[in-house]
Amino acid sequence: MARFPHVASFFLFLTKLSIGQREVTVQKGPLFRAEGYPISIGCNVTGHQGPSEQNFQWSVYLPTAPTQEIQIISTMDDTFSYLQMKDTGEYECFTPNTDEKYYGTYSAKTTLTVIPDTLSVAMAPQTLNKEEGERLELTCEVSKATAQHTHLSITWYLMKDGEGSQASKIISLSKDFTLLPGPLFTERFAAGDVRLDKLGVTTFRLSMGRLQPSDQGQLFCEATEWIQDPDETWTSITKKQTDQTTLRVQPAVRDFQVNIRAESTVREGKSLELVCLVMGGGQDPHLQATWFFNDVETAHIDAGGVLDLKKDYQERASQGQLQVSKLSPKSFSLKIFSVGPEDEGAYRCAVAEVTRAQMGSWQVLQNKQSPDSFVHLWKQAARNVVVSTKNQQQAVWEGEVLTLLCKADGAENLLTVAWWHVPQNQTQPVFVAGMEQDGTVKLGASYGELDNLRNARLEKTDWATFRLEITSTTITDSGMYECRVSERTRSQARDQSWTQMVSITVKPLESSLQVSLMSRLPQVKLTNTFDLSCIVRVGYSDLRVPLTVTWLFQPARSRAFDLFLQITHNGTIEWGSCLPQFQRKTKISQSPFHSRLLIHDATEEEAGVYQCKVEVYDRNSLHTNSPVKASATSHPLRIIVTLPESKLKVNSSSQVQEISINSNTDIECSILSQSPGNLQLVVTWYFSPISTDALWLRILEVDHNHVVKYGDEFQTTQRKQKFHAEKVSQDLFQLHILNVEDSDQGKYRCAVEEWLWSTNSTWRKLGEQTSGLTELKLRPTESKVRISKVSRTENASEHSEATICCSLEGAINPASLFSVMWYRQREDSGSRMLVHLQRDGLLEYGEEGLRRRLHSYRSSTADFVLALQRVEMKDAGKYWCKVAEWRLHSNPSKWVSQASDESQPVVLRVLRPGNQRFICHGSQSGESLSPLLCLPALLCFASSQAEHNLQKENDFSISLNSNSFRQTRLHEVLAWMFKCQGHLTSSPTSPHKQKSHQYCIPLSNQIMFEADSFVS
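Treat the numbers as computed from the prediction; the structure is a model and nothing was measured.

Parameters at a glance
Residues numbered from 1 in each chain as written. Predicted model: local features only at pLDDT ≥ 70, side-chain atom pairs only at ≥ 80, totals over all residues. Heavy atoms only, no water. Pairing = 2+ DSSP bridges. Helix = DSSP H or I, 4+ residues; strand = E, 2+ residues; numbered from the N terminus. Core = buried A, V, L, I, M, F, W, Y, C linked by side-chain atoms within 4.5 Å. Buried < 20%, exposed > 50% of the residue type's maximum accessible area, 1.4 Å probe, protein only. Axes fitted to C-alpha atoms, helices over the stretch in contact; angles between N-to-C directions. Salt bridge = Lys/Arg side-chain N within 4 Å of Asp/Glu carboxyl O. Disulfide = S-S within 2.5 Å.

**A look at the sheet that holds strand 54 (residues 665-673)**
No. 1: Overall, antiparallel pairing links the 4 strands, which are arranged 52-54-59-58 in an open sheet. Unpaired on one side and paired on the other, strand 52 (649-650) and strand 58 (723-729) mark the two borders of the sheet.
No. 2: By the bridge criterion, 6 bridges tie strand 58 to strand 59 (residues 732-737) in an arrangement that is antiparallel. Residue pairing in the sheet places His724 in a bridge with His736 of strand 59.

The following block contains the structure:
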């Protein structure tokens, strides 16, 4: 499903002017909007009855399915996204009926077409250094390729140093081709110092003449593309900004002014401080000051801080009555600790800017004097001034409104008021606001700007009370506030003034910001739901400041935190890219100081460490681009996702089935209990044949996708037709075995696994149970296969050939066919089937690679041979055969395995060349081997029970190179050998005749002969 527009993109206008015919209207289409930007479509309802609050629903009909309605938003939920090309379609607004009857229209449609964003804005970033008064020119390249008719607006901005992300508009060319200067550049635009010119088709040039130091900062160009909708309103569809150009303006040398700040009226005996303030000039100048009283020099302090007091003042200073000092590079103080009548008069200070001459003396650059400041002793008729705050508290929070009251007593008269601010750690006052007797209000330079959040407002509540209000305070608003009330009467030539001060502290928002992260279930089971609560604690909860909450996530195997969700202070929601599934499975609950996430269907990917970061903004930030006021991050919280405990239980009781040969049977696997949830079972059937060394063979497996997979030993078509599985019910599985034969006898069991399907499209294994054993037996028949049970050890040279045999014993039914399977078991591995000589003579190899070196054949009716060519060291191990008897059964006739038997293992040892001896063995096994197989030499000694009487049953050996061997006995050995040769070649292959069995084993440094019997 397509993603649809941004939060609050669809809205409903409710109009209930009169009760009549209901009418629903939407914004007239077609509407063209650019890809990647939000959209707003209005829906208006009139003439409805019932409650004034009406519900509504939005649907869309996409071009790919114009008749299929897709509901996208209603009054109960929101959708957050940006337009994509596939969002093109017909949108319908529908309002459910609340009237007593249907009358009118209840829905309306409009068409939305999403077009590509072709707007391009470019300006090469650079750094420019200019002198004050120079000229600046910058160009911006703007182009578009929109097929529809659109207009462009171009705006140049200046972001001053120290103002964060707040940018001031310099000048703009509107979509109506009108030039509009920014509020700070209106006068310079009228004077022709600020211009915006279009050069050619795509170039727009900004020209600024006579640069000022306030022009220093970052400049950039912003272009907006506008389109006119059918209702003839213009709508912004795209907006882009260029890279920034850094401008540095070196100020010229400036003049300065000198003023005195002091109380004009002081009580006798109280202290008086006059502060000589230097306003303007360069940074950190070298200044010296001279104080005058009634035009007579009283004190001098040079740029190095050396003080020179005149005689009268020197005596008073020595007595602690007077002090002259330099408060800061641009302020000097004259303080009288006890004012008397002799101190009443006119004070003036003269300040000179100096520089060091070559000889070390001070050279005067410029000299300025302050106006006279008159000090009067307080008379009984003077007024009292009281300064207070609105709530009687002298501390406010950053961003809070500061209200100061200044009230004068005495007889009613026209008064003048002036408010001054002395910031913390400073002595130079800043003019805030003033009101003349006629009510004219004048604001200070930093309090009257339209784009400044610290707007000040001065009101007169009655003839003697003046209220100063600073709408949005900052940390820099801390300090002393002075209210100066002045009055002029007819009998006085000068104004009388009264002052009072109050200390105000603006507390930073960050000082009381605390963020904590909690979860009621930090250890959650897979597919369950867990919660995360980001709780904000502040000391200013009544301010309702906007907050941005950023959720961070660190996966279990990562060292870095990634953003996965941000809820901004203006209400938008932005999702990160670390885990895309968060968006579709997370429910967000937001309140002023609490952000809660409810994450459903937990997977192992959501396991890790979480944090939430909170950023506090000014209350007016919804309308301005104000920076972050405070921020804090919670402690990390680890969420652990574990698998649920398996409740699987399988019937473990064992049983025995005895059935007739060639019949069908079922093996059951019963589930006693299962775990709840979205689970699937994997059922695997195993078989262990009747054998001393038999392992469990995997017959087949039905996986969690219901796909049947046969084991390696059951890949043939015959085996797949014989065995197949069935799910009888939710709790019962069966293995069907068709036409049971001898090779099917053995033990059967099932293994059941529980698998949980996770929302991230992966399977997780919860548990495994194994059933009891079912032993399958065949009812006895007249057939019985017997294999010779002789255990022996044979040696073979590396790269030579070796032959291993097994033979049937007893009578052989001429109606039977036989098959043989040869097995091998190494010391370092389990047993494996090498080759299968089937009843019809076909060979089936366990591995295709064995065909080159291994061959199986039937040397006689009762004898089966396994031949190994080019013997390798890895061929060493135990070898044995399994022979099965087959007879025809049923109608139509079918070959069925009737009975089987296994031989004893033959141990084959492989010796390296150069370390050999040869032994010839003879036994009464009924098996005959050619002496030609004994390489490199064959000496055989054998005797038949029909020709010799046994003296002992143990093997014997004769060494040809033994010291005790006599030359006279050599002919006897040779005679025995040739007799053995003749006996083997003339011996019949009938199992009823008596035969000798010979085979050779290499030994070292001697030739040995062994036999079951020996005639001395």
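Read on for the rest.
**A few points about the nonpolar core**
Soluble globular proteins tend to pack their nonpolar side chains together in the buried interior.
No. 1: Residues Leu513, Leu532, Tyr540, Trp551 and Tyr610 are the most contacted members of the largest nonpolar core, which totals 42 residues.
No. 2: When residues of this core are traced back to their parent elements, those giving at least two are strand 41 (514-518), strand 43 (530-537), strand 44 (547-555), strand 45 (562-567), strand 48 (594-599), strand 49 (608-616), strand 50 (630-633) and strand 51 (637-642).

**A few points about the sheet that holds strand 20 (residues 256-261)**
No. 1: In spatial order, the strands read 20-22-27-26; together these 4 strands make up an open sheet with antiparallel pairing. Two strands close off the open sheet at either side, each with one partner strand: strand 20 and strand 26 (322-328). For this sheet the average axis-to-axis angle between neighbouring strands, irrespective of direction, equals 15 degrees.
No. 2: Sheet topology places strand 26 next to strand 27 (residues 331-336); 6 bridges connect them, and they run antiparallel. Within strand 27, the residue paired with Val324 across the bridge is Leu334.

**Side note on the pairing of strand 7 (residues 89-94)**
No. 1: Pairing of strand 5 (residues 57-61) with strand 7, which is carried by 5 bridges, proceeds in the antiparallel orientation. Note that in strand 7 the partner of Ser59 across the bridge is Glu92.
No. 2: Pairing analysis gives 6 bridges linking strand 7 to strand 8 (residues 107-115), with the strands arranged antiparallel. Following the sheet pairing, Tyr91 is matched in strand 8 by Thr110.

**Notes on the pairing of strand 49**
On a regular strand, each side chain points to the face opposite its neighbour's, so the side chains alternate between the two faces of the sheet.
No. 1: For strand 49, a buried count of 8 out of 9 residues is recorded, marking the element as mostly surrounded by other parts of the structure.
No. 2: One ladder, built from 9 bridges, connects strand 44 with strand 49; its direction is antiparallel. Within strand 49, the position partnered with Val549 by the bridge is Val614.
No. 3: Two elements, strand 49 and strand 51, share 3 bridges in a ladder whose sense is antiparallel. Bridge pairing in strand 51 links Gly608 to Ile639.
No. 4: Relative to strand 50, strand 49 runs antiparallel, the two sharing 4 bridges. Its bridge partner lying in strand 50, Glu615 is registered against Ser631.

**Considerations on the pattern of salt bridges**
No. 1: Tallying each qualifying case throughout the model produces 37 salt bridges.
No. 2: Where Arg348 meets Asp295, a salt bridge forms, and the shortest distance between an N and an O atom there is 2.7 Å. You can see Arg348 sitting in strand 28 (residues 345-356) and its partner Asp295 sitting in the loop between strand 23 (287-293) and strand 24 (296-301), a full 53 residues away along the chain.
No. 3: Take Arg348: its relative accessible area is 13%, and that puts it in the buried class.
No. 4: Note that Arg764 and Glu604 form a salt bridge whose closest N and O atoms lie 2.8 Å from each other. On the criterion of sequence distance, the pair formed by Arg764 in strand 61 (residues 763-770) and Glu604 in the loop between strand 48 and strand 49 is long-range, its members being 160 residues apart.
No. 5: Residue classification places Arg764 among the buried residues on the basis of a relative accessible area of 18%.
No. 6: By relative accessible area, Glu604 is classed as partly exposed at 37%.
No. 7: Several salt bridges converge on common partners, so that one network encompasses Arg824, Arg853, Glu872, Lys874 and Asp875.

**Quick word on the state of the cysteines**
No. 1: Applying the stated criterion across every chain, the model contains 6 disulfides.
No. 2: Cys534 shares a disulfide with Cys612; S-S distance 2.1 Å. The sign of the S-S torsion, about 80 degrees, decides the handedness of the disulfide formed by Cys534 and Cys612: right-handed. Pair noted here: Cys534 is in strand 43 and Cys612 is in strand 49, with a separation of 78 residues, a long-range link. The pair formed by Cys534 and Cys612 is uniform in burial state, with each residue classed as buried.
No. 3: Sulfur-sulfur distance for the disulfide between Cys669 and Cys750 comes to 2.0 Å. Taking the torsion about the sulfur-sulfur bond, which here is approximately 65 degrees, the covalent link between Cys669 and Cys750 counts as right-handed.

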